[in-house]
Amino acid sequence: MNTAGHSEATERRGLELTPFRGLRYDPDLVGSLAAVTSPPYDVVVRPDGLHHLQDADPHNIVRLILPQAVTPSARNEQAADTLHRWLSEGVLTTDPEPGLYVYEQRDGNGLLQRGVIGALRLSDPSEGVVLPHEDVMPHVVADRAALMRATSANLEPLLLTYRGNGSPADTTTVVERIAESPALLSTTTEDGYSHRLWSVTDPTDLARIQQDLAHHQALIADGHHRWATYRRLRAEHPSPSPWDYGLVLLVDTARYPLRVRAIHRLLHGVPVSDALAALDGLFRVRHLDVPLPEALEALADAACEGNAFLLAGDGSFHLVDHPDPDLLARTIPADRPAAWRTLDATVLHATLLDHVWHIPEDDPAHIAYIHDTAATVRKAERDGGTAVLMHPVREEVVRDLARQGVTMPRKSTSFGPKPASGLVLRALDV
C-alpha cells in the first residue's frame, strides 16, 4: 500500500507497532515445530485438513484456532483450557523481554517474503491508517471474538502490507540485516515452505522500525474478520488496555511483492446441472472436457475479456462468461466505481448468487469459501454441489479501491504466502 507522501503522513498518525512478549512453543516439548503449525484458521479445509492437523501432533495450534466441541461455548472453553494447560506444562513459554519479530518464508521456487510481527495500534477505517478492502461476515466476527475473549489471546497474526520508500533507515533495511544473523527458530512445513523467526529487542532497531512505520499506512491483505474482531474487542475494554492493539505481520511489498490468488465458492446442495440450467440465456456456457490446469488457463483467457467463472462438480468443467448486459444493469448497484462494478466477485455476488441462484452468501449451510482450487473441485464432486472457480483480481485494483474507501465483495482475494499459525502468539494478560 503506497503512502500518500510526507505531507499527509504529518497530518495523519501512521502505523504504530509495539513490541510484545511472544508466546512460543518449546521445541524440546513438542515433536517438531512444523508439526504444531497450521495455515490460518480460514484456510484449513475442513474436515479433512482439520483432522490431519489434529493428528499431526497433540499440540498442533489448530486445537486453539479451530477447537472442536458440540457447541460454540464448549469449543471456546476447550480452547481456553488447552491454552492454559499448555502454558502450565511449559509447552508454550513466554519470551523473557518484549520485542518485535522478523519473520521469513521461502518456498522451493525462489519466493522469499520477510516482514515484521508486532502488536499494532488499532484504528478505524476513517483514520486512513489501516485500509480494509473487503466486507466481513458478522457471524465469523462473532465467532472469532468469542474465541479471543475466552483465550484472552491473539492466536495468529494478520497479514498487512505497506509500501516502503527505500530510505537507509527504513524497516526493510533492519529486517534484512537481522535476517543474516542466527534465527530464533527455523522449520520447514509439509507444504515445502521454510520459516525462520528472529526477535528484535535492541532499542535502536526497535526505534528505527517504529519511526519508519509511523510514516506509512497499510492494506489488510489477509485477516479482515480478525481485524474487525480486534476492533470489536477494543470497544469492549476501557482504554488504555492491551486490547488497543492486535497481532499483525507487516510486509513491505515494494521489496517483497505478495501473490494474489482467488478464493473459490462451493455451493452446497446445488447440483451443477441445476446451476447451469439457471444460466440459460443469461451467460454463455461452454463445456470443457480437459484437466483442471487447462480449464484454469481457459478461465484466465476468458477473464481477460470480461467476467468469467468456471463451474465444476460433475466430473468436468463449464466455462461461464459473456453475461447479458441488461442482466448486469438490473442487478449491479450503479453507485460504485466502474472498477468495482466490473469485478468478477461483484458479478458473482450481486448477479449470480443474489439474483440467479438465490443463495445467501452469509449462510455457511449454503455456501463455503475455499482457497485451494483442487480441494474445492473434489468437495463439490464428493458432495454433489457446485464449485465456482474464480480468477484472481489484480493487486493494483485492490489498492486503488481501498484508497477510495470502497470495499470489495467479501472473500474476493487471497494474498500470500500467509503467515503460519503457531510460530508466535500474543497473550493479552502478559
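Scroll up to find the structure this text is about.
Note that the structure is predicted; figures quoted are calculated from it, not measured.

Colleague: How should the pattern of salt bridges be read in this particular structure?
Modeller: Should the charged atoms of two oppositely charged side chains come close, the side chains can pair. Per the stated rule, a full pass over the model turns up 22 salt bridges. Among the ionic pairs, R284 bridges to D321, the shortest N-O distance being 2.9 Å. Within this pair, whereas R284 is found in strand β15 (residues 284-288), its partner D321 is found in strand β17 (residues 317-321), the two being separated by 37 residues in sequence. Judged by its relative accessible area of 2%, D321 is buried. With a closest N to O distance of 3.0 Å, D400 and R403 form a salt bridge. Linking D400 with R403, this pair stays in helix α16 (residues 395-403), spanning three residues, or about one helical turn. In this structure R403 comes out as partly exposed when scored by relative accessible area, which is 41%. Among the charged side chains, a network of salt bridges with common partners joins E104, R106, R114 and R196.

Colleague: Which parts of the structure should I look at to understand unusual backbone geometry?
Modeller: Trans is the common state for peptide bonds, and a negative phi is the common state for residues other than glycine. Here the amide bond leading from S239 into P240 is cis, since omega sits at 0°, within 30 degrees of zero. Take P240: it is sitting in the loop between α9 (224-236) and β12 (245-252). Between G416 and P417 the backbone carries a cis peptide bond, its omega angle lying at 5°. With respect to the element layout, P417 can be found in the loop between β20 (414-416) and β21 (425-427). With a phi close to 50°, H322 is a non-glycine residue in the positive phi region.

Colleague: Where do I start with helix α11 (residues 292-303) in this structure?
Modeller: At 3.6 residues per turn, the α-helix brings residues three or four places apart onto the same side. Taking 1.5 Å of rise per residue, the twelve residues of α11 would be expected to cover 16 Å, and the 16 Å separating its terminal C-alpha atoms lies within 8% of that figure. Within α11 the residues assigned to the buried category are L292, A295, L299, A302 and A303. Seen from one end, α11 has its buried residues packed into an arc of 100°, which puts them on one side. Seen from the open side of α11, the exposed residues pointing more than 90 degrees away from its buried face are P293, E297 and D301.

Colleague: Hey, could you run me through the nonpolar core in this one?
Modeller: The tendency in soluble globular proteins is for nonpolar side chains to be buried side by side. Counting 115 residues, the largest nonpolar core has F309 and W357 as the members making the most contacts within it. Sorting elements by how many residues they give to this core places helix α14 (residues 344-356) first, with seven residues. Apart from residues no more than four positions distant in its own chain, W357 is found in contact with L267, A275, A278, L279, L311, L348, L352 and V388. Core analysis: the second largest hydrophobic core is formed by 17 residues, L299, A302, L310 and L319 among them.

Colleague: How should I be thinking about the packing of aromatic side chains in this particular structure?
Modeller: Per the stated rule, a full pass over the model turns up three aromatic pairs. Judged by centre distance (6.3 Å) and plane angle (65°), the ring pair of W227 and Y230 falls under edge-to-face. In this pair, W227 and Y230 are both assigned in helix α9, three residues apart and thus about one turn of the helix distant. The two residues W227 and Y230 agree in class, both being buried. Seen from the ring of W340, R336 lies directly overhead, with NZ or CZ sitting 4.4 Å from the centre.

What counts and what doesn't
Residues numbered from 1 in each chain as written. Predicted model: local features only at pLDDT ≥ 70, side-chain atom pairs only at ≥ 80, totals over all residues. Heavy atoms only, no water. Salt bridge = Lys/Arg side-chain N within 4 Å of Asp/Glu carboxyl O. Helix = DSSP H or I, 4+ residues; strand = E, 2+ residues; numbered from the N terminus. Buried < 20%, exposed > 50% of the residue type's maximum accessible area, 1.4 Å probe, protein only. Expected span 1.5 Å × (residues − 1). Arc of directions from axis to C-beta. Core = buried A, V, L, I, M, F, W, Y, C linked by side-chain atoms within 4.5 Å. Contact = heavy atoms within 4.5 Å. Phe/Tyr/Trp six-rings, centres within 6.5 Å; stacked < 30°, edge-to-face > 60°. Lys NZ or Arg CZ within 6 Å of the ring centre and 35° of its normal.

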